[in-house]
Each structure stands twice: as C-alpha cells, then as structure tokens.
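Notes for the structure review
What follows is the residue order along each chain.
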Amino acid sequence: MKPSELLETVARKRAEGPLLPFSLFLALKYLKPKRSFISAITVLSVVGVLLGVMVLVVVLSVMTGFGQMWREKVLGFNAHIVVVGPGTIPQPYLLAERLKKVEEVKGAAPFIESPVIAEFHGIMETPMVVGVDARLEGNVSEIPGSVNQGVFNLYDDSIVVGCDLAEVLGVRVGDRIAVNSPKHFMVRDEIHLPVDLVVAGIFDV
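Reference entry: report on the structure contained in this document. (Residues numbered from 1 in each chain as written. Predicted model: local features only at pLDDT ≥ 70, side-chain atom pairs only at ≥ 80, totals over all residues. Heavy atoms only, no water.)

Looking at the overall build of the protein chain
Looking only at helices and strands, the protein chain features 5 helices and 8 strands. Within the span of the protein chain, comprising 205 residues, buried residues form 20% of the whole. Long-range contacts, defined as pairs at least 24 residues apart, comprise 53% of the intrachain contacts of the protein chain with a sequence gap of at least 6. Accessible surface, the protein chain as shown: approximately 15700 Å² in total, 63% of it carbon and sulfur. (Helix = DSSP H or I, 4+ residues; strand = E, 2+ residues; numbered from the N terminus. Buried < 20%, exposed > 50% of the residue type's maximum accessible area, 1.4 Å probe, protein only. Contact = heavy atoms within 4.5 Å. Areas by Shrake-Rupley, 256 points an atom, 1.4 Å probe, with all protein chains shown as cover.)

Some remarks on the pattern of salt bridges
Here the structure, examined in full by the defined rule, presents 2 salt bridges. With a closest N to O distance of 3.6 Å, Lys100 and Glu97 form a salt bridge. Pair noted here: Lys100 and Glu97 are both in helix 4 (residues 92-100), with a separation of 3 residues, about one helical turn. Residue classification places Glu97 among the partly exposed positions, given a relative accessible area of 43%. Arg135 is paired through a salt bridge with Asp133; the nearest N and O atoms lie 2.9 Å apart. Classification of Asp133 as buried rests on a relative accessible area of 10%. (Salt bridge = Lys/Arg side-chain N within 4 Å of Asp/Glu carboxyl O.)

Points about the environment of Phe120
Counting through the fold element by element, Phe120 comes out in strand 2 (residues 117-120). We classify Phe120 as buried; its relative accessible area is 9%. With 76 residues separating them in the primary sequence, Phe120 and Asp196 have C-alpha atoms 10.0 Å apart. Phe120 has contacts with Leu169, Gly170, Val171, Asp175 and Arg176, leaving out every residue within four places of it along the chain.

A few points about the side chain of Glu137
Inspection of the secondary structure puts Glu137 in the loop between strand 4 (128-132) and strand 5 (147-150). Within the buried core, Glu137 has no salt-bridge partner, and the shortest N-O distance to an opposite charge, that of Arg135, equals 11 Å. Not counting residues up to four positions away in its chain, the partners in contact with Glu137 are Val132, Pro144 and Phe152. (Lys, Arg positive; Asp, Glu negative; His and termini not counted.)

Quick notes on the nonpolar core
Of all hydrophobic cores here, the largest spans 13 residues; its most connected members are Val161, Leu169, Val171, Ile177 and Val199. It is strand 8 (residues 195-203) that provides the largest number of residues to this core, a total of 3 residues. Excluding residues that lie within four positions of it along the chain, Val171 makes contacts with Phe120, Ala166, Ile177, Val199 and Ile202. (Core = buried A, V, L, I, M, F, W, Y, C linked by side-chain atoms within 4.5 Å.)

Let's talk about the pairing of strand 2
On strand 2, burial follows the alternation: Ala118 and Phe120 on one face are buried, whereas Ile117 and Glu119 on the facing-out side are not. Here strand 2 runs beside strand 3 (residues 123-125); their pairing, made up of 3 bridges, is antiparallel. Each residue of the ladder has a partner; that of Glu119, found in strand 3, is Met124. Hairpin geometry of strand 2 and strand 3 is characterised by an intervening segment of 2 residues between the two adjacent antiparallel strands and by a positive phi of about 55° at His121. (Pairing = 2+ DSSP bridges.)

Observations regarding unusual backbone geometry
A positive phi angle, close to 50°, is found at Gln91, a residue other than glycine. Note that Gln91 resides in the loop between helix 3 (40-77) and helix 4. Judged by its relative accessible area of 55%, Gln91 falls in the exposed class. Residue Asp156 is not a glycine yet carries a positive backbone phi of 60°. In this structure, Asp156 sits in the loop between strand 5 and strand 6 (158-162). A relative accessible area of 78% means that Asp156 is categorised as exposed.

What about a nonpolar patch on the surface?
A cluster of nonpolar side chains, contributed by Val43, Val47, Leu51, Met54, Val55, Val58, Val59, Val62 and Met63, occupies part of the molecular surface with about 760 Å² of accessible area. Examined against the element boundaries, Leu51 turns out to sit in helix 3. Judged by its relative accessible area of 44%, Leu51 is partly exposed. (Patch = residues over 30% accessible without salt bridge, like charges linked within 9 Å, V, L, I, M, F, W, Y side chains within 5 Å.)

So, in structure tokens, the structure goes:
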C-alpha cells in the first residue's frame, strides 16, 4: 500500500466513526492483508522476533547458571569472610569461638597459609599450602567432602592436594612430595631440609 492510499484509508475510517490507534490499526492491517490469507512480511517479522526473544532467553539462562555455578565453586573452596591480621593472630581458636556467636555466622575455623616449593621426581611447582584443623574445616569449606581419591587425612605427615596440582606433579595417593618453604633460603646460618609429605587424598572442586 502506498503512503497516499494509507492516508486515504485512515481518513475514511476516521470519518466512519471512532478510529483505532494508528499502531494497532497498522498491525491489524498487515496481520490480515486483502490480497492473501497471510503476509510474508508478517511471517518473517513474527519469526524474527520469536527467534530473537528465544535466543535472548537461552543466553540469559546459560549465563545465569554459569555465574551461579562459579559462585558456588569459589565459595565452596574459600570461606565467605576471611579475618586476617598484621601477623599471626594470637589465640585463633578463641577468636573463632567469638565469631561463631555472631548471628549470621554459620561456622568458623582457623587456618594458616604460605607459598612453598613442592617437588616430585624432578618436577617443581610453587603452590600455596594451607594449614587447617581437620575437625573444623568442614564448617567453612567443601574440600573435606570433595576428595575423590584417597581420604581427607591431615594428621602426621599427610596432606591433601588438588587435582590440578596432582596432575602437574604426576602424584597419586601414597606418593611423597618434598616440600620446602622459600623462607628457609633466606636464612644463611641454618640449613633446612625439605619435608616429605604423604599424599593422603586428592580433591576436586
């Protein structure tokens, strides 16, 4: 329909009686054209809008689920809040008990971490070692329940390593890893030998 014909139609309809809003009138006219049962332009327009909305809903759903998954992974490995001090916190268990009395706190556990040099059969890595209390770690982390090889045992000279570090070093449950602290190399008058730690379990979060 030419613009002049459209204007004539609008004027005629206005003279006949109450006129529909122009947008509604135009939509109804193209939804049911006179020449055919349905218009190809209408079909393409509806299908285009349908596909656009469908893709948008799918992308938003995937991104929302992806973000939620990573949020659970990160918070499952680390505590929601970490309390630190300028040095080693004195009486960490007493502080943990005080924190548990806060209404919104579900659990608390002391920890200490430090970078180390780990070696196994000539392969060296510099992971972060975290010392935790095996009895309380389950209150703030999902690592105790994420051990898929071996057991969660931190007593004596046992350690639990992540699956990525285990793959890089090529270690399995029962292997011994030589661990040394970089601070030992800064002391000139003393010689510190690496500590052999036995892999008791491998976790995957």
